[in-house]
Amino acid sequence: MTTFVRWGILSTAQIAQDELLPAYMDAANAEVTAIASSNPKVKDMALKFSIPKVYESYDELLIDPDIDAVYIPLPNALHSHWVKRAAEKGKHVLCEKPAALTAGEAEEMIEVCKKNSVLFMEAFMYQFHPQHQRVKEIIASGEIGELKIMKSSLSFYLEDKAGNIRVKPELGGGSLYDVGCYCIHSIRNVLSAEPSRVYASMKKNPDSQVDMSVVGVLDFDNGVTALFDAAMDRTRIDYYEIIGTKGSIRVPNAFVPHFNNGEALIVINGEDGKYREEKLIGHQYVLQVEYFSRCVLEGKIPNYMIENTIQNLNVIEACFESIERKTFVNISSSHSKITR
């Protein structure tokens, strides 16, 4: 029985160089066997990460029979095309977030994957760090009481805007797609619930007209309200906080604990002022690679992973609609056409 998945990488994207390729090298059940790019530095990358095959085009890589799965870190607007192409060539797909620009586009991509009997997963790496499961356990224990509000924030300062894909609207740029998607995903993930309506507003780059910052309010039918803010034009902020009737939980390195060698801290302010900290360590990119590789080896992926992709894009679409209409927008549950 095969004990590891043979991976191909589409492009020399920075995130592949900085995070994913090192993660593949550390993963117990994955091995990168090929990389494709027309970028001249692809050969240097292959040498650095001991990748045996180099292709000048993505299509060449996709027809390689010795590759089981591909990682796609391309610009957001290109995800749909290359996910479908990969699926049609029988390759399982790990695709960077957001998986698509709309929920409908994501449904079409996933349907093509299912039709071709390949697995698909959106690369929200943060969710694999053990701190988030621990937060859910603390909430379930009742230690902070009835939940009332959650706040999620993620931002960074984009130094060199000229030519950056994040400020190109035709490539799916903007803060809501780039970092706001994490805030929304974390709220839905930690609360294990879907918002019923959303209000959002944004500030745009005067030149490119993509959103450089976005703030939003998510209302839930269970009475919880969530606030999020995301930006590409201010200092790095990375946290979420849950406040209940008896206490609160703050996660100060919610999305990028890998900057701190995978170490994360959960700060709990309990009833009667009881304060404590819990430290957890996890290498989320490695855990993500190993998780999806395990799914490939076992031939299945949980349905909730697929639904999560659709639902997150439902909320993002509602945010864009709210910004356009300048009012709250109701979010209907996804009536997904995805086959089971």
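The structure under discussion appears in the preceding block.
Worth saying up front: this structure is predicted, and the values here are computed from it rather than measured.

What should I look at first to understand the overall build of the protein in this one?
Regarding its fold elements, the protein presents nine helices and 15 strands. The 340 residues of the protein split such that 57% are buried. Of all intrachain contacts in the protein linking residues separated by at least 6 positions in sequence, the fraction that spans at least 24 positions is 68%. Accessible area for the protein stands at about 15100 Å²; split by element, carbon and sulfur atoms hold 49% of it. Taken together, the 36 basic and 45 acidic charged side chains of the protein have centroids lying 2 Å from each other.

Looking at this structure, I do not really get the side chain of S322. What am I missing?
The topology assignment puts S322 in helix α9 (residues 303-325). Of note is the side chain of S322, whose polar atom sits 2.7 Å from the backbone oxygen of T327. Look past the residues within four positions of S322 in its chain and what remains in contact with it is V198, Y199, A200, T327 and V329.

I'm lost on the pairing of strand β10 (residues 225-231) in this one. Help?
Taken residue by residue, a regular strand's side chains alternate between the two faces of the sheet. Sheet topology places strand β7 (residues 147-157) next to β10; seven bridges connect them, and they run parallel. For I149, the partnering residue across the bridge sits in β10 and is T225. Bridge count for strand β9 (residues 211-219) against β10 is seven bridges, and the pairing is antiparallel. Each residue of the ladder has a partner; that of V217, found in β10, is L227. The hairpin formed by β9 and β10 contains five residues between the paired strands, and G223 there has a positive phi angle of roughly 95°.

Teacher, can you tell me more about helix α6 (residues 130-141) here?
Each α-helix turn comprises 3.6 residues. Residues three or four places apart therefore point the same way. The end-to-end C-alpha distance of α6, which contains twelve residues, comes to 17 Å, matching closely the 16 Å that a straight helix rising 1.5 Å per residue would cover. Here α6 has its buried residues at Q131, H132, V135, I138 and I139. Seen from one end, α6 has its buried residues packed into an arc of 115°, which puts them on one side. Facing away from the buried surface of α6 by more than 90 degrees, the exposed residues are A140 and S141. On its buried face, α6 sits against β7, α7 (175-191), β11 (233-244), β12 (248-251), β13 (263-269) and β14 (275-281). Following α6 by one or two positions, G142 adopts a phi angle in the positive range, close to 85°.

Explanation requested: the state of the cysteines in the structure shown.
Here is the idea: a disulfide is a covalent bond, and it sits between the sulfur atoms of two cysteines. In this structure the tally under the stated criterion is zero disulfides. Cysteine C95 shares no disulfide, and the gap to the nearest cysteine sulfur, in C113, comes to 9.1 Å. With no disulfide partner, C183 has as its closest neighbouring cysteine sulfur the one in C181, 8.2 Å distant.

Please explain helix α1 (residues 14-26) as it appears in this structure.
Taking 1.5 Å of rise per residue, 13 residues should cover 18 Å, and α1 covers 18 Å from first to last C-alpha, within 8% of that figure. Where α1 bends most, the angle comes to about 40°, and this point is L20, followed within four residues by the proline P22.

I tried to follow the pattern of salt bridges on my own but got confused; where do I start?
Between side chains of opposite charge, a pair can form as their charged atoms come close. In total, this model carries 19 salt bridges according to the counting rule given. Residue D59 pairs with R85 through a salt bridge whose shortest N-O separation is 2.4 Å. Of this pair, D59 sits in helix α3 (residues 58-62) while R85 is found in helix α4 (residues 79-88), placing the two residues 26 residues apart along the sequence. Judged by its relative accessible area of 27%, R85 falls in the partly exposed class. Through salt bridges with shared partners, one network takes in R6, K53, D64, D66 and D68.

Help me understand the sheet that holds strand β5 (residues 92-96), please; the structure alone is not making it clear to me.
Strand pairing in a sheet relies on backbone hydrogen bonds, with the paired strands running either antiparallel or parallel. Taken in spatial order, the six strands line up as β3-β2-β1-β4-β5-β6 in an open sheet, and their pairing is parallel. Lying at the two open borders of the sheet, with one neighbouring strand each, are β3 (53-55) and β6 (120-123). Across this sheet, the average inter-strand angle for adjacent strands is 25°, counted without regard to direction. Relative to strand β2 (residues 30-36), strand β1 (residues 5-10) runs parallel, the two being bridged by six bridges. Within the sheet, the bridge partner assigned to I9 lies in β2 and is I35.

Teacher, can you tell me more about the sheet that holds β12 here?
Here nine strands make up an open sheet; going across it, the order is β14-β13-β12-β11-β7-β10-β9-β8-β15 and the pairing mixed. Looking at which strands have only one partner, the edges of the open sheet turn out to be β14 and β15 (329-330).

Conventions used here
- Residues numbered from 1 in each chain as written.
- Predicted model: local features only at pLDDT ≥ 70, side-chain atom pairs only at ≥ 80, totals over all residues.
- Heavy atoms only, no water.
- Helix = DSSP H or I, 4+ residues; strand = E, 2+ residues; numbered from the N terminus.
- Buried < 20%, exposed > 50% of the residue type's maximum accessible area, 1.4 Å probe, protein only.
- Contact = heavy atoms within 4.5 Å.
- Areas by Shrake-Rupley, 256 points an atom, 1.4 Å probe, with all protein chains shown as cover.
- Lys, Arg positive; Asp, Glu negative; His and termini not counted.
- Charge placed at Lys NZ, Arg CZ, Asp CG, Glu CD.
- Polar contact = N/O pair within 3.5 Å; in protein donor to acceptor, adjacent residues only side chain to side chain.
- Pairing = 2+ DSSP bridges.
- Expected span 1.5 Å × (residues − 1).
- Arc of directions from axis to C-beta.
- Disulfide = S-S within 2.5 Å.
- Bend = angle between axes of the 7 residues up to and from the residue.
- Salt bridge = Lys/Arg side-chain N within 4 Å of Asp/Glu carboxyl O.
- Axes fitted to C-alpha atoms, helices over the stretch in contact; angles between N-to-C directions.

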